[in-house]
Amino acid sequence: MTLPGNAARLPWVSRSDAFSREKEEDMRKVIIIGSGPAGFTAAVYAARANLEPLLIASSVEVGGDLMNTTEVENYPGFPDGIQGPDLMSKFQAQAEKFGTEVVYDDVTSLSLDGPVKKVVLGSGAEHEAHTVIYATGSAYRKLGLPEEEGLSGHGLSWC
């Protein structure tokens, strides 16, 4: 059995100590699930706090609902407005600038019991962390009208 790193050469390090240290080094401090504004905002704050976050973005729909939004006129700092996809691109660039790692995959299962949280991805990759932030957005609360979908963008909208 090979001990990780230099532990094999250190007689006072037991095999169990070496493996638990390796396991701890592989453990994330923070995993963020969701790539919308809330997810990337959490990533910016976590990264600036040197928590080295891992953000799990969807393999299909990255960026949340803002990716389907044209002009965003109510976000501070953009007096002339900004396109939704452009705003999300800036969110991601800022999070990555401070050290956020972004993975494009889907979460297939979570285990949130106990001090170690486990996130399993569609690729089969498993990640463990002390903290998981679940920021996957919300669904619109529609009225239930018969023609509701057809009226969307033609006088009917949800916020």
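Residues numbered from 1 in each chain as written. Predicted model: local features only at pLDDT ≥ 70, side-chain atom pairs only at ≥ 80, totals over all residues. Heavy atoms only, no water.

### Remarks on a nonpolar patch on the surface
Put simply, the rule reads: Only residues whose relative accessible area exceeds 30% and that take part in no salt bridge are eligible for patches, with like-charged residues grouped when within 9 Å of each other and nonpolar side chains (Val, Leu, Ile, Met, Phe, Trp, Tyr) grouped when within 5 Å. Shrake-Rupley sampling with a 1.4 Å probe provides the accessible areas, and residues are treated as covered by the protein chains on show and by no other component. Counted as salt bridges are all cases of a side-chain nitrogen of Lys or Arg within 4 Å of a carboxyl oxygen of Asp or Glu. Numbering of helices and strands runs from the N terminus, with a helix taken as a DSSP run of H or I at least four residues long and a strand as a DSSP run of E at least two residues long.
Nonpolar side chains collect at one region of the surface, where Leu110, Leu112 and Tyr134 lie side by side and expose about 310 Å² of accessible area between them. With respect to the helices and strands, Tyr134 occurs in strand S8 (residues 126–134).

### Describing the environment of Ala49
Applicable threshold: Exposure categories follow from relative accessible area, calculated using a 1.4 Å probe and restricted to protein chains: below 20% of the type maximum is buried, above 50% is exposed, and the middle band is partly exposed.
Note on placement: Ala49 falls in the loop between helix H2 (37–48) and strand S2 (54–57). Exposure remark for Ala49: the relative accessible area of 45% places this residue in the partly exposed category. Separated by 49 residues in sequence, Ala49 and Phe98 have C-alpha atoms that sit 9.2 Å apart.

### Points about the layout of surface pockets
As a reminder of what qualifies: Grid spacing is 1 Å over the protein atoms alone, the probe is 1.4 Å, and a cavity is where that probe fits but cannot get out, while a pocket is an open set with protein on both sides within 12 Å along at least five of seven lines and lining residues have an atom within 4 Å of a point. Grid points are joined across faces, edges and corners, and a volume is the space filled by probe spheres set on the points. The residue classification treats Ala, Val, Leu, Ile, Met, Phe, Trp, Tyr, Cys and Pro as nonpolar and Asp, Glu, Lys and Arg as charged. All others, Gly included, are polar.
Here the largest pocket is characterised by a volume of approximately 880 Å³. Along its surface, the largest pocket is lined by 33 residues, and Gly64, Asp65, Leu66, Gly137 and Ser138 are the ones closest to its centre. Of all the secondary-structure elements, those providing two or more residues to the lining of the largest pocket are H2, S2 and strand S6 (107–111). Classifying every residue of the lining of the largest pocket by side-chain character gives 15 nonpolar, 13 polar and five charged. Estimated volume of the second largest pocket: approximately 170 Å³. If you go around the second largest pocket, the residues you meet are Pro37, Leu66, Thr69, Glu71, Val72, Glu73, Asn74, Tyr75, Leu87 and Phe91. Looking at the lining of the second largest pocket, the elements with two or more residues in it are strand S3 (71–72) and helix H3 (84–97). By residue class, the composition of the lining of the second largest pocket is six nonpolar, two polar and two charged.

### Regarding the packing of H2 against H3
What counts, and what does not: Structural elements are reduced to axes, namely lines fitted to C-alpha atoms, with helices fitted over the stretch in contact, and the angle between N-to-C directions of any two is expressed from 0 to 180 degrees. Relative orientations are named as follows: roughly parallel for angles under 35 degrees, roughly antiparallel for angles over 145 degrees, roughly perpendicular for angles from 65 to 115 degrees, and oblique for any other angle. In this scheme the crossing of two helices becomes right-handed for a clockwise turn of the near helix relative to the far one and left-handed for an anticlockwise turn of less than a right angle. Any pair of residues with heavy atoms lying within 4.5 Å of one another is described as a contacting pair.
Close contact between H2 and H3 brings their axes to 8 Å; oriented N to C, the two are set at 20°. In this view, H2 runs roughly parallel relative to H3, as classed from their interaxial angle. Regarding H2 and H3, the two cross each other, and that crossing is left-handed. Contact residues: Pro37, Phe40, Thr41, Ala43, Val44 and Ala47 in H2; Met88, Phe91, Gln92, Gln94 and Ala95 in H3.

### Focus on the side chain of Gln92
If you trace the backbone, Gln92 turns up in helix H3. Once you skip the residues sitting within four places of it in the chain, Gln92 turns out to touch Phe40, Val102 and Tyr104.

### Some remarks on the sheet that holds S6
The line we're drawing: Should DSSP find at least two bridges between two strands, the strands are taken to pair.
Taken together, the six strands give an open sheet; going across it, the order is S5-S2-S1-S8-S7-S6, and neighbouring strands pair in mixed fashion. Each edge of the open sheet is held by one strand with a lone partner, namely strand S5 (101–104) and S6. Strand-to-strand, the axes of this sheet are offset by a mean angle of 40°, without reference to chain direction. Examined bridge by bridge, strand S1 (residues 28–33) and S2 share three bridges and lie parallel to one another. The residue bridging Ile33 from the neighbouring strand is Ile56, located in S2.

### Side note on the confidence of the model for the protein chain
The criterion, for reference: Each residue carries a pLDDT score, the predictor's own confidence in it, on a scale running from 0 to 100.
Chain-level pLDDT for the protein chain is 84 on average; 84% of the residues reach the 70-or-more range. Within the model, the stretch residues 1–22 combines pLDDT values under 50 with 14 contacts to residues more than four positions away or in other chains.

### Focus on H3
Stated formally: The length a helix should cover is 1.5 Å for every residue beyond the first. Of all possible arcs, the one meant is that of the directions from the helix axis to the C-beta atoms.
For H3, with 14 residues, the first-to-last C-alpha span of 20 Å sits near the 20 Å given by 1.5 Å per residue. Of all the positions in H3, only Gly84, Leu87, Met88, Phe91, Gln92 and Ala95 are classed as buried. Seen along its axis, H3 keeps its buried residues to an arc of 135°; they face one direction. Buried residues in H3 make contact with H2, S3, strand S4 (82–83) and S5. After H3 finishes, the residue Gly99 shows a positive phi value of roughly 115°.

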